[in-house]
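So you can see what is in the structure, the chains are spelled out below.
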Amino acid sequence: MAHLDMRRPQNTNGDFYVDTTCIDCDTCRWMSSEVFSRVDEQSAVYHQPTNEAERLAALQALLACPTSSIGTVEKPKDIKHAQQTFPILVEENIYHCGYHSEKSYGAASYFIQLPAGNILVDSPRFTPPLVKRLEEMGGIHYMYLTHQDDVADHEKFAQHFQCDRILHADDISGNTRNVEIQLTNLDPFVLTSDLLIIPVPGHTKGHTVLLYKNKFLFTGDHLAWSESRHQLAAFRGYCWYSWSEQIKSMRNLANYSFEWVLPGHGRRFHADVDTMSQQMHKCIELMESL
Ligand SMILES: [Zn+2]
C-alpha cells in the first residue's frame, strides 16, 4: 500500500499519487501514459484522470505496480472492478497479466489462452485476484520462463496450477532446479505446431524467446522498444552474459517473421512484418555501434 505521508512532491495535486518507494520500473507510464510520467528518475502523476477510461487505466497501473507505490487519497470504490479487468487483452488470445513482481524488478508477464492448455509467460505476482481470474480462464498448462531474472513466484504458480515450467538449463540455479522442462541446446524447440522456443544467448546464457503463430514474440529481456531511442533495441548496460553473443542471437532472430514484440522490461512494439524486419535490422546496427 502506498503511503500519503511519503507522497512525492512532484505529483500534481489530486486523488492519485506516487510515493517515494517507486523503483522507476516504467510500468505505470506505459499502462497509463495519460496519468503517469517520469520526473526526477521516478514516476509521478502529471495529470489526474478526468474520465472513466483514464481512471480505469490508472487503477490498473496501481494494481500492476510491483512496489505498491501508487495510491489514492480517497479509498477507490471501483478497485474490485479494476481487478476483474486482469489479465488485460492485448490482441486475439494474448493477455497482459499485470500484477508485476518486485522480484523481477517489475517485469511484465503474459498469458496465452489456448484450447489445448494455457501458457503463462514469465511470472507475475502470485496474488489471489489474479490467480482467481487465471483459474476462471482455464488455469495454466505451461509456465514458460524466458530467463533466470523473471521467474519471481514460479514455484507458487507451479504448485497451485500443477503446470509444467520451461526454462533453459543454462539459466537454472538453486531456486529453479525443479523446473520440469529444462531445454538443453541452442536448437529451436517446437513446443506445439504454433509455438516455437528460440534460444537467444546474450542477456543471460540461457535466455530464450517464444514465438507464437509467427506473430507474437515474447522477448523477456532480450529485445524491446526503447522509448528514449524510438526504435527496437537491446540494452547493453543490462547485458549480463555476452554482448557479442546477444548480437549473434539478434541476427538469428531477424530471420523469423513476427508482428509483436512483447518484452519483460521495456516497451511493447506492434508493426506489420516488413516494418518489424526493418526495425530488427536497425536494432542490430545500433547494437554493433555500442
Ligand atoms: Zn533479465
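These numbers come from a predicted model, not from an experiment.

Visitor: Describe the coordination of the zinc ion, with residues and values.
Guide: Donor atoms from the polypeptide that coordinate the zinc ion comprise His 147 (NE2), Asp 149 (OD), His 203 (NE2) and Asp 221 (OD), at 2.1 to 2.2 Å from the metal. Coordination geometry of the zinc ion: the 4 donor atoms subtend angles of 90 to 155 degrees at the metal centre, consistent with an arrangement described as irregular. Linear spacing of the donor residues for the zinc ion on their chain is H-x1-D-x53-H-x17-D. In this pair, Asp 149 is assigned in the loop between strand 9 (142-144) and helix 5 (154-161) and Asp 221 in the loop between strand 15 (216-220) and strand 16 (224-226), connecting sequence segments 72 residues apart. By relative accessible area, Asp 221 is classed as buried at 11%.

Visitor: Lay out the sheet that holds strand 12 (residues 189-192) in plain terms, naming residues and giving numbers.
Guide: A sheet is described by the order of its strands in space; here 6 strands give the open sequence 12-13-14-15-18-19, paired in mixed fashion. Pairing within the sheet leaves two strands with one partner each, and these edge strands are strand 12 and strand 19 (269-270). Where strand 13 (residues 195-199) meets strand 14 (residues 208-212), 5 bridges bridge the pair, whose relative direction is antiparallel. For Ile 197, the partnering residue across the bridge sits in strand 14 and is Leu 210.

Visitor: Mind laying out the packing of aromatic side chains, listing which residues take part and the relevant values?
Guide: Working definition: an aromatic ring pair is given by the centre-to-centre distance plus the angle between the planes. Within this structure, the stated rule accounts for 9 aromatic pairs. Summarising the aromatic geometry, the rings of Tyr 110 and Phe 218 are spaced 5.8 Å apart at their centres and angled 55 degrees between planes, so their arrangement reads as tilted. Pair noted here: Tyr 110 is in strand 7 (residues 110-112) and Phe 218 is in strand 15, with a separation of 108 residues, a long-range link. Accessibility assignment for this pair places Tyr 110 and Phe 218 in one class, buried. On the numbers, 6.2 Å between centres and 25 degrees between planes, the contact of Phe 216 with Trp 260 is stacked.

Visitor: Can you tell me about the sheet that holds strand 5 (residues 88-91), naming the residues and giving the values?
Guide: Read from one edge of the open sheet, 7 strands run 5-6-7-8-9-10-11, paired in mixed fashion. Of all the strands in the sheet, just strand 5 and strand 11 (181-183) have a single pairing partner and so form its edges. Across the sheet, the mean angle separating the axes of adjacent strands is 25 degrees when strand polarity is ignored. In this sheet, strand 9 lies alongside strand 8 (residues 119-121) in parallel orientation, the contact comprising 3 bridges. Paired with Leu 120 across the bridge in strand 9 is Met 143.

Visitor: An account of the domain arrangement of the protein is requested, with residue identities and associated values reported.
Guide: Taken domain by domain, the protein comprises domain 1 (4-74) and domain 2 (84-289). Put simply, the middle of domain 1 and the middle of domain 2, counted by C-alpha atoms, are 26 Å apart. Surface buried jointly by domain 1 and domain 2 totals about 1200 Å² across both partners, of which 60% is contributed by carbon and sulfur atoms. When the buried area of domain 1 at its contact with domain 2 is split by residue, Trp 30, Leu 63 and Pro 66 rank highest and sum to 41% of it. Across the contact surface, domain 1 and domain 2 share 1 salt bridge. For the pair domain 1 and domain 2, the interface holds 8 residue pairs in polar contact (both at pLDDT 80 or more). Those elements that provide at least two residues to the side of domain 1 that touches domain 2 are helix 1 (27-31) and helix 2 (52-64). Of the residues contributing to the side of domain 1 that touches domain 2, the split by class is 9 nonpolar, 3 polar and 2 charged.

How each quantity is defined
- Residues numbered from 1 in each chain as written.
- Predicted model: local features only at pLDDT ≥ 70, side-chain atom pairs only at ≥ 80, totals over all residues.
- Heavy atoms only, no water.
- Donors = N, O, S within 2.8 Å, 3.2 Å for Na, K, Ca; no water.
- Tetrahedral: all angles 85-135°; square planar, octahedral: opposite > 155°, others 65-115°.
- Helix = DSSP H or I, 4+ residues; strand = E, 2+ residues; numbered from the N terminus.
- Buried < 20%, exposed > 50% of the residue type's maximum accessible area, 1.4 Å probe, protein only.
- Pairing = 2+ DSSP bridges.
- Phe/Tyr/Trp six-rings, centres within 6.5 Å; stacked < 30°, edge-to-face > 60°.
- Axes fitted to C-alpha atoms, helices over the stretch in contact; angles between N-to-C directions.
- Domains from an automatic or database assignment.
- Buried area = accessible area lost by both parts, 1.4 Å probe.
- Salt bridge = Lys/Arg side-chain N within 4 Å of Asp/Glu carboxyl O.
- Polar contact = N/O pair within 3.5 Å; in protein donor to acceptor, adjacent residues only side chain to side chain.
- Nonpolar A, V, L, I, M, F, W, Y, C, P; charged D, E, K, R; others polar.

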